[in-house]
Amino acid sequence: MSEQRAGKLPDGIQNAFLFAAFNALSFQVVLGSPMVLYAKRLGASATVLGIITGMMPLLVISQIPAANHINRIGYKRFVYAGWGTRVIFIFAIALVPLAGTILDAANRLALLIGLLFCFNLSRGISSCAWLPWITGLVPAPVRGRYLMGDAAMVNSASCIAMMMSALLLGNEPQPWQFTVAFAFSAIAGAISLSFLKRIPDVPVPQEPK
């Protein structure tokens, strides 16, 4: 405890930083400009684009009912299950641009919206355990250092993801290029799970009824 008060982060916290980096590489593609660009290519209206970009903050409200199940499942298992489900939906999204031979643009857009809804719902449900987990893992005296490192990882990885997407998609991107971008997002998300699994778990405190 004295070492932690002196400024030492807990053992295994480097896995949380690496998880944050690969997670940012993933979500910046599937929730950012590349996804909006692909939806516009499919003929999405301004209303539909608003729905796509607004799903993530709107579905965060799913944390409220989901929080009742954390005590039974535990922080790590809860987050890992949600993030793993999320990655599965990203892999499915990566196949949508290749479905042009069997689905028209309107149907591909509808399928995309459905998959994004499931992606954001699973994210919203599982995210309710992330901050309590980190709060229990990182002692109060060094939380500022953790937050600084986490922000540095997320912002750096986000910049890399956007630059890679810009280089890949170019001026007139073809469907296969969107598939590569979304597949990259899925693979980065899968890699982030390996680091998530290595983050030390902490017991869920009993809350007063």
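Definitions and cut-offs
Residues numbered from 1 in each chain as written. Predicted model: local features only at pLDDT ≥ 70, side-chain atom pairs only at ≥ 80, totals over all residues. Heavy atoms only, no water. Helix = DSSP H or I, 4+ residues; strand = E, 2+ residues; numbered from the N terminus. Rg over C-alpha atoms; globule rule 2.2 N^0.38 Å. Buried < 20%, exposed > 50% of the residue type's maximum accessible area, 1.4 Å probe, protein only. Contact = heavy atoms within 4.5 Å. Arc of directions from axis to C-beta. Axes fitted to C-alpha atoms, helices over the stretch in contact; angles between N-to-C directions. Parallel < 35°, antiparallel > 145°, perpendicular 65-115°, else oblique. Left-handed = near helix turned anticlockwise from the far one by under 90°. Nonpolar A, V, L, I, M, F, W, Y, C, P; charged D, E, K, R; others polar.

On to the overall build of the chain, then. Helix and strand counts for the chain stand at 11 helices and zero strands. From first element to last, N terminus to C terminus, the chain shows the α and β order α-α-α-α-α-α-α-α-α-α-α. Taking 2.2 N^0.38 as the reference for a compact globule, 209 residues should give roughly 17 Å; the C-alpha atoms of the chain span a radius of gyration of 19 Å, in line with that estimate. Taken along the three principal axes of its C-alpha coordinates, the chain extends 60 × 40 × 25 Å. With 209 residues in all, the chain has 44% of them scored as buried. Of the contacts made within the chain by residues no fewer than 6 positions apart, 87% connect residues no fewer than 24 positions apart.

Further remarks concern the environment of N120. Looking at the element boundaries, N120 is found in helix α8 (residues 105-126). Separated by 62 residues in the primary sequence, N120 and L58 have C-alpha atoms spaced 8.9 Å apart. Excluding residues that lie within four positions of it along the chain, N120 makes contacts with L31, M55, M56 and L59.

Now for helix α9 (residues 130-137). Since the α-helix turns once every 3.6 residues, residues separated by three or four places project in the same direction. Taken as a whole, α9 has its buried residues at W130, W133, I134 and L137. In a view along the axis of α9, the buried residues occupy a sector of 95°, so they form one face of it. Contacts from the buried residues of α9 go to α2 (13-30), α7 (75-95), α8, α10 (143-169) and α11 (175-196).

For the pair α2 and α7, the least separation of the axes is 12 Å and the interaxial angle reads 40°. One way to sum up the angle between α2 and α7 is to call them oblique. Viewed along their axes, α2 and α7 form a crossing whose handedness is left-handed. Taken together, the residues of α7 that come into contact with α2 (itself represented by F19, N23, S26 and V30) are W83, R86, I90 and I93. Here the contact of α2 with α7 is built from residues that sort into five nonpolar, two polar and one charged.

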